[in-house]
Amino acid sequence: LCVGASGGIARCGIACRVIAQLGAAYALGSNAWLNCYGPTMYKICTQTSWLGKEAFSTVQASIFPDYFALQTAGCIAALGGHLGA
């Protein structure tokens, strides 16, 4: 915790709280998006004859590493901001 000259929370404490809130919001929002639109993407891919399950698997395989990397970064930012505040 950073304490300013006047005894209040200094800017670094506020910045840590902002980082924690943004990280948590990203982690929650990306999970909500996946839960809402993942099944919809699967349904569209399986109902469209020229896409099929293979297209969904290909999209999933190419996007999920980035998704999990960003998810991890959001969680680490939330944890780091929480510990720093």
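It should be noted that the structure appears before, not after, this text.
Residues numbered from 1 in each chain as written. Predicted model: local features only at pLDDT ≥ 70, side-chain atom pairs only at ≥ 80, totals over all residues. Heavy atoms only, no water.

### Some words on the environment of Gly23
Step number 1: Relative to the helices and strands, Gly23 is located in helix 1 (residues 11–47).
Step number 2: A relative accessible area of 5% means that Gly23 is categorised as buried.
Step number 3: Residue contacts for Gly23: discarding those within four places in its chain leaves Gly74, Ala77 and Ala78. (Helix = DSSP H or I, 4+ residues; strand = E, 2+ residues; numbered from the N terminus. Buried < 20%, exposed > 50% of the residue type's maximum accessible area, 1.4 Å probe, protein only. Contact = heavy atoms within 4.5 Å.)

### Some details on the packing of aromatic side chains
Step number 1: Overall, the coordinates contain five aromatic pairs when judged by the stated rule.
Step number 2: On the numbers, 5.7 Å between centres and 40° between planes, the contact of Trp33 with Tyr37 is tilted. A residue pair is termed a helical-turn pair when its members lie 3 or 4 positions apart in one helix, as Trp33 and Tyr37 do in helix 1 at four residues.
Step number 3: Under the relative-accessibility criterion, Trp33 is labelled partly exposed at 43%.
Step number 4: Residue Tyr37 is classed as partly exposed on the basis of its relative accessible area of 45%.
Step number 5: Judged by centre distance (5.1 Å) and plane angle (80°), the ring pair of Tyr42 and Phe56 falls under edge-to-face. Residue Tyr42 is found in helix 1, and its partner Phe56 is found in helix 2 (residues 52–84); the two are separated by 14 residues along the sequence.
Step number 6: Under the relative-accessibility criterion, Tyr42 is labelled partly exposed at 36%.
Step number 7: Relative accessible area serves as the criterion here: at 13%, Phe56 is assigned to the buried category. (Phe/Tyr/Trp six-rings, centres within 6.5 Å; stacked < 30°, edge-to-face > 60°.)

### Thoughts on a nonpolar patch on the surface
Step number 1: A cluster of nonpolar side chains, namely Trp33, Tyr37, Met41, Val59 and Ile63, defines an oily patch on the protein surface of about 460 Å² accessible area.
Step number 2: Contributing elements (two or more residues each) for the nonpolar patch: helix 1 and helix 2.
Step number 3: Broken down by element, the nonpolar patch gets its largest block of residues, three residues, from helix 1.
Step number 4: With respect to the secondary-structure elements, Ile63 resides in helix 2. (Patch = residues over 30% accessible without salt bridge, like charges linked within 9 Å, V, L, I, M, F, W, Y side chains within 5 Å. Areas by Shrake-Rupley, 256 points an atom, 1.4 Å probe, with all protein chains shown as cover. Salt bridge = Lys/Arg side-chain N within 4 Å of Asp/Glu carboxyl O.)

### Structural notes on the side chain of Ser30
Step number 1: Tracing the sequence through the fold places Ser30 in helix 1.
Step number 2: Polar contacts involving the side chain of Ser30 include one to the main-chain carbonyl oxygen of Ala27, which spans 3.1 Å.
Step number 3: Within the structure, Ser30 has its side chain in polar contact with the side chain of Gln71 (distance 2.5 Å).
Step number 4: When residues no more than four places from it in sequence are discounted, the contact partners of Ser30 are Tyr67 and Gln71. (Polar contact = N/O pair within 3.5 Å; in protein donor to acceptor, adjacent residues only side chain to side chain.)

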